[in-house]
Amino acid sequence: MFRLKRVTMYSCVLLSIFVIPLFAENDFEKYLFEQDSMTLDRPMVGYLEDDRLIHLEIPSALEDQSPKLTAKLGVNLHRDNPAPPTITFLPQSTVFKWDSLGTELQISRLSDTSRCHVIRWTSTHARPLEDCFLIGSASWYGGPEHSKQLWPVEKLQLKELPYVPHYLNNVGKTEPYWFNSLGISVYVNASVPLFVDVRNHRPDGLCFIANDQPPYLPRAEKLLQYTLCNFDDPRQAHEYSVANLFDRPAALPDARMVQFPVWSTWVRYKKLVNQSAVLGFARDIVARGFNNSQMEIDDDWESCYGETAFNITRFPDMKNLTQQLKEMGFRTTIWTHPFVNKDCPDYPHHQEAGHFVTNQRGDVEMQWWDGRGGVVDFTKQSTADWFVAKHRKLLQDYGIDGFKFDAGEVGWLPQIPRLNCSLDEQPRCYSQSYARTLAEFGPMTEMRVSFRTQRHPIYVRMLDKDSKWSFDNGLRTVLSTMFVQNLNGYPFVLPDMVGGNAYGQDKIDKELFIRWLQANTFMPVIQFSIAPWDFDDETVKISKKYTELHYKYSKLILDLMQKSVETGAPVNAPLWWVDPQNAVAHKINDEYLLGEDLLVAPVMKKGARKRNIYLPQGYWRDEANPKRRVLKGRRWLRGYPADLATLPYFTRVHGYTLSSEEKRRIHYHSKYQLFTV
């Protein structure tokens, strides 16, 4: 038994805590449901004397239902056997204080809404601060990009993950934001030295830990602060977060990259790329009748990594190459990065000039996948200006149109880095400074790292995918990573190359290539490297079908991208976006939406020629079926046929547009076994 204290309102402006006497369980439920609906928005908190922690729960608005959220706050307090906290009630907040631990918890109501509270821990004690939310039966969204991008989030296990952009496990994007299918959202303050633990410390726990251990610097006072909100469904929760807690894009990126495919040299040539290979590839693309947005020349074109000068053995006349490509209708972009290798002639000069990040000991040397050297320090404005100037010169001298920027994760820096930003901002300010610098290169820019950088109007690409079918960084993660990016405020998604990167022993076969292309069709950008004609004429025919279908819908995609600029709405959302209280839709991870009126259900299992498809509420026209039948939603289509040339997709039909015959036949589905949810 414990005392629960409710954050409640005595008037329209005053927030206080109402102390509830000890109740038997049934009495408590009776008390709870006698409260008004506004009171039910608020969390209830109590100190558990036996466990020596704070219990928090947000009750359900429905009688006889479990709480919407249960949390254990301060789970490390018991280790020091503290006395119970003193509790102070203030007009807008409640304060729990443990003087012996130098620790304080303040729970404050936001002034603009009754649905959100700020949970703020501060402590001078050595132990980490940790709050754990029970995952329960809800589905959770948000969180980091990850090589094993299981989705929803509760399927993924994370073990005290340092919440900074890092190359390990492809954690390139780390927005401190989570929300669930019941309408609960959590947004962690950017100043928190955050570690995240999912289903590890607690088997059913999503835990947030503040700890000033590497990669963070020591702090005089630890901070764990987040905004906790309670809305009716996940869409409401997300729309509030987008409007109030993080930025949205300031403008649109390049439109031609939406209309036509990007063609990259990477998977096709890896590091054997040269001028004649690029020219031959471009001629093949044109001869085969494919359009393009640009030719992207990937690694390895430099004379030395970081010199920003062409290897004249591989590219004897780069300016002539870009001119020839232009005459064939191609723009030219090149891959680049923030590193300078030790074997480059100018390395000593750059080191002396202070262009590289140093660690706390003053060392600059670090290891990356193409050698050893230094990494450019974008937190120094003079260094960022130097980097921009030398890359602009490359554009001007050779007629190049833009860049694909690689890396930018904190993990590549010499540890622990010394950066030119406040202690609270380190080390994630590096990735932020990198993104801010790259945005100067305009709308064709693409990068792969992010942390609270939604405002930049550039493409954010997925980290390299493996040529597999599975959730082990394969095809299945293309959709789940797309969801993570969209729901973290990065809707301008650039999926990886069709078929993946063919690393190691991975092989891209015809089936994987076609299914991957189909999955990409209604995303913002299609990117090829392995070409359709590397397989057979059927693959060429199918690839043209879906690049043409993508172009047909490119205006809609651009319109939705503009809507993202204006409202922060996702371009490609999960199914629950249009049916936010549908428990079945909450867990679907192999279908997606384009806007709100187009549903895509790609085949993502090797050898499959049919699949089960779930339709959310509304009426949906089957566009892949020649009869284009209209189907009523909130139903499964079991065993929907989808041969290798077929991408199942559906468009929303509004009832008032249906003909009398369509209305008569709307419930008739002779080919499918339908199950009403």
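Residues numbered from 1 in each chain as written. Predicted model: local features only at pLDDT ≥ 70, side-chain atom pairs only at ≥ 80, totals over all residues. Heavy atoms only, no water.

1. Focus on the overall build of the protein chain
And step 1. Within the protein chain one finds 15 helices and 38 strands.
And step 2. Its C-alpha atoms give the protein chain a radius of gyration of 27 Å, near enough to 26 Å, the size a compact globule of 677 residues would have.
And step 3. Dimensions of the protein chain, computed from the C-alpha atoms along their principal axes, are close to 80 × 80 × 40 Å.
And step 4. Taking all 677 residues of the protein chain together, 62% fall into the buried category.
And step 5. At a minimum sequence separation of 6, the contacts of the protein chain that also span at least 24 residues come to 69%.
And step 6. Carbon and sulfur atoms form 49% of the exposed surface of the protein chain, whose accessible area is close to 25,700 Å².
And step 7. Taking the 80 positively charged and 80 negatively charged side chains of the protein chain as two groups, their mean positions are separated by 5 Å. (Helix = DSSP H or I, 4+ residues; strand = E, 2+ residues; numbered from the N terminus. Rg over C-alpha atoms; globule rule 2.2 N^0.38 Å. Buried < 20%, exposed > 50% of the residue type's maximum accessible area, 1.4 Å probe, protein only. Contact = heavy atoms within 4.5 Å. Areas by Shrake-Rupley, 256 points an atom, 1.4 Å probe, with all protein chains shown as cover. Lys, Arg positive; Asp, Glu negative; His and termini not counted. Charge placed at Lys NZ, Arg CZ, Asp CG, Glu CD.)

2. Structural notes on the sheet that holds strand β7 (residues 93-98)
And step 1. The eight strands lie next to each other as β6-β7-β8-β9-β17-β14-β13-β11, forming an open sheet whose pairing is antiparallel. A single partner strand is all that each edge strand has here, and the edge strands are β6 (86-89) and β11 (140-142). In this sheet, adjacent strand axes meet at a mean angle of 15° when their direction is disregarded.
And step 2. Relative to strand β17 (residues 222-230), strand β9 (residues 116-123) is paired through eight bridges, and the arrangement is antiparallel. Counterpart to S123 in the pairing with β17 is K222. (Pairing = 2+ DSSP bridges. Axes fitted to C-alpha atoms, helices over the stretch in contact; angles between N-to-C directions.)

3. Structural notes on the sheet that holds strand β23 (residues 366-368)
And step 1. Read from one edge of the open sheet, three strands run β21-β24-β23, paired in antiparallel fashion. The open sheet terminates on both sides in strands that have one partner only, identified here as β21 (339-341) and β23. Going across the sheet, the axis of each strand differs from the next one's by a mean of 55°, ignoring polarity.
And step 2. Pairing analysis gives three bridges linking β21 to strand β24 (residues 371-375), with the strands arranged antiparallel. If you follow V340 over to β24, its bridge partner there is G374.

4. What to know about the domain arrangement of the protein chain
And step 1. Annotation of the protein chain at the domain level lists domain 1 (44-245), domain 2 (259-333 + 388-414 + 423-575) and domain 3 (577-673).
And step 2. Taken together, the contacts link 36 residues of domain 1 with 38 residues of domain 2.
And step 3. Looking only at domain 1, the three residues that lose the most surface to domain 2 are W151, K173 and E175, adding up to 21% of its buried area.
And step 4. Taken together, domain 1 and domain 2 are joined by two salt bridges.
And step 5. Joining domain 1 to domain 2, the criterion identifies 20 residue pairs in polar contact (both at pLDDT 80 or more).
And step 6. Elements represented by at least two residues in the side of domain 1 that touches domain 2 include exactly β11, β13 (177-180) and α3 (234-244).
And step 7. Its residues assigned to classes, the side of domain 1 that touches domain 2 comprises 21 nonpolar, ten polar and five charged. (Domains from an automatic or database assignment. Buried area = accessible area lost by both parts, 1.4 Å probe. Salt bridge = Lys/Arg side-chain N within 4 Å of Asp/Glu carboxyl O. Polar contact = N/O pair within 3.5 Å; in protein donor to acceptor, adjacent residues only side chain to side chain. Nonpolar A, V, L, I, M, F, W, Y, C, P; charged D, E, K, R; others polar.)

5. Structural notes on the nonpolar core
And step 1. W178, F208, L228 and F522 are the most contacted members of the largest nonpolar core, which totals 181 residues.
And step 2. Counting seven residues, the second-largest nonpolar core is a separate cluster that includes C116, F231, A237 and Y240. (Core = buried A, V, L, I, M, F, W, Y, C linked by side-chain atoms within 4.5 Å.)

6. Considerations on α3
And step 1. Within the span of α3, buried status applies to P234, R235, A237, H238, Y240, S241 and V242.
And step 2. Put simply, D233 is the residue that caps the front of α3, since its side-chain oxygen is 3.0 Å from the backbone nitrogen of R235.

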